[in-house]
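# Survey of secondary and tertiary structure
Here is how the chains run, residue by residue.
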Amino acid sequence: MEILLVDQLAPEAHEWLAERHSVEFRPELAADASALRKMVYNVRALVLPRKLLVNQEFLDFAPLLNAVARLHVSTDNTDLEACRDRKVRVIQPSTASVRSNAEYLLGATLALMRRGIGASLAGERHAPPQIGRELHGSVVGIFGLAPAAHAYAMLLRALGAKLIGYDPAVHHTAPIWARLGVQPVGLRELMANADAVSVAVLYATRYRGLIDDKVLAHCKPGQIWVGLTRSSIFEPHALARALLDGRIESCMLDGAEAGFASRGTPLHDLDNLFLTPRLGAHTHQARMRASWYVAHRIHETLMAPRISLLDQIASEPATLAPVLPPAANEGAAPGVDLK
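Heads up: these notes are all about the structure in this document. The written sequence of each chain sets the order in which its residues are numbered from 1. In keeping with the model being predicted, local features are shown solely for residues with a pLDDT of at least 70 and side-chain atom pairs are shown and tallied solely at 80 or more, while totals for entire chains, interfaces and linings include all residues. Heavy atoms throughout the structure, all of them, feed into the side-chain values; hydrogens and water do not.

## Digging into the nonpolar core
Stated precisely, the cut-off is as follows: What makes a nonpolar core is a set of buried Ala, Val, Leu, Ile, Met, Phe, Trp, Tyr and Cys residues whose side-chain atoms join them at distances within 4.5 Å. The buried label applies to any residue whose accessible area, calculated with a 1.4 Å probe on protein chains only, is under 20% of its type's maximum; exposed applies above 50%, and partly exposed to all values in between. Counting from the N terminus, the helices are DSSP H or I runs at least four residues long and the strands are E runs at least two residues long. Contact criterion: two residues are considered in contact whenever any of their non-hydrogen atoms come within 4.5 Å of each other.
Among the nonpolar cores identified, the biggest contains 34 residues, and M191, V199, I211, W225, F234, I248 and L267 are the most heavily contacted of them. Contributing elements (two or more residues each) for this core: β6 (139–143), α9 (187–193), β9 (196–199), α10 (213–216), α11 (236–245) and β11 (248–254). It is α11 that provides the largest number of residues to this core, a total of 5 residues. In this view, M191 contacts F143, V197, V215, H218, C219, K220, Q223 and W225; residues no more than four positions away in its chain are not counted. Among the nonpolar cores identified, the runner-up in size contains 30 residues, and Y104, L106, I142 and V182 belong to it.

## Points about the packing of helix α5 (residues 98–113) against helix α7 (residues 147–158)
Inclusion rule: Axis lines are fitted through C-alpha atoms, for helices just across the contact stretch, and the angle between N-to-C directions can take any value from 0 to 180 degrees. In what follows, roughly perpendicular refers to angles from 65 to 115 degrees, roughly parallel to angles under 35, roughly antiparallel to angles over 145, and oblique to any angle outside these ranges. By convention the crossing between two helices is left-handed if the near helix lies anticlockwise of the far one by an angle smaller than a right angle, and right-handed if it lies clockwise.
Contact geometry of α5 with α7 gives a least axis separation of 8 Å together with a crossing angle of 55°. By the angle between their axes, α5 is oblique relative to α7. The interaxial crossing formed by α5 with α7 has right-handed handedness. Here V98, R99, N101, A102, E103, L105, L106 and T109 of α5 lie close against α7, whose contacting residues are P147, A148, A151, Y152, L155 and L156.

## Details of the pattern of salt bridges
Put simply, the rule reads: Salt-bridge detection follows one rule: a side-chain nitrogen of Lys or Arg within 4 Å of a carboxyl oxygen of Asp or Glu.
A full pass over the atoms with the stated rule returns 15 salt bridges. R26 serves as the salt-bridge partner of E24, at 3.3 Å between the closest nitrogen and oxygen. Since its relative accessible area comes to 23%, R26 is described here as partly exposed. In this structure, the salt-bridge partner of D60 is R86, at a minimum N-O distance of 3.0 Å. Taken as a pair, D60 in helix α3 (residues 56–60) and R86 in the loop between α4 (80–85) and β5 (89–92) lie far apart in primary sequence, 26 residues in all. Shared partners join several salt bridges into a network, and the residues in it are E24, R26 and E28.

## Describing the packing of helix α1 (residues 11–18) against helix α12 (residues 284–303)
The contact between α1 and α12 brings their axes to 8 Å, and the two run at 15°. As far as their axial angle goes, α12 and α1 are roughly parallel. Like other packed secondary-structure pairs, α1 and α12 cross with a definite hand, here right-handed. Residues E12, A13, W16 and L17 of α1 lie in contact with α12, whose contacting residues are M288, S291, W292, A295, H296, I298 and H299.

Take a look at the structure:
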């Protein structure tokens, strides 16, 4: 067997790969680590779900492995150095979900501005009307310039919102602000003036607890917050206090880490905090783009001459960099590879 799929590709991409390689789809292996390790002994390429870790121990069970792919972008679940040392290509479709994540941010913003819609969707057909807010003319704070924030900013501009922004890693004179139509401001100014705040920071461990009491003290009362960044960027007690006293009217976060608002935490019983299970990247279109990107990159890797591929991998640094698909790969999304 050449390719083992533990995560599901779009049917068209799966069929395309199966016409060219030996492919087996075994999603049940995601819950059986022992069986998975037995299966990967003679596998050359793997497609794994987010929750499965690839480390040195795992790679020891896969001596023939040339590539490990994910349909979502994350480096926490893959030991990049171990993959580099074993000459295993790491394939992730880094731009496949940019548009879908941006639309999630927009949808979440609109949903929180018009809370009455949520009541109707929850089955309250005769709920009293709630006064909402219009996005047009509102000030939206772009907190972080991850790729999804770029597309989100363009959507907001089309709807007439005024945009201000801050990113701890981007200087206020950087040209990207002007290109996106976002006025760069300090963090305190963003907090004090934004009607809504989106959090889409390219996360680093130094940002753990960045959004704390000191930051949230300057919130414009009644703000709404939406976010894609890891929930650990928030200090939980500070966020809870802001949600309770009205500084933040409501908050919707996608893909919060396990335990973020579990029983016994200060966020558990708050009815104005909404957590969604990584819905931002889960659209048919994003999955199609990711599937085609992964399929083409796996095929490319397996068809490359073994010696040439190893020479190329050994000569390149272990960094994540964008890799554009061939022009013939229609529908594939650009991504990142570790070679």
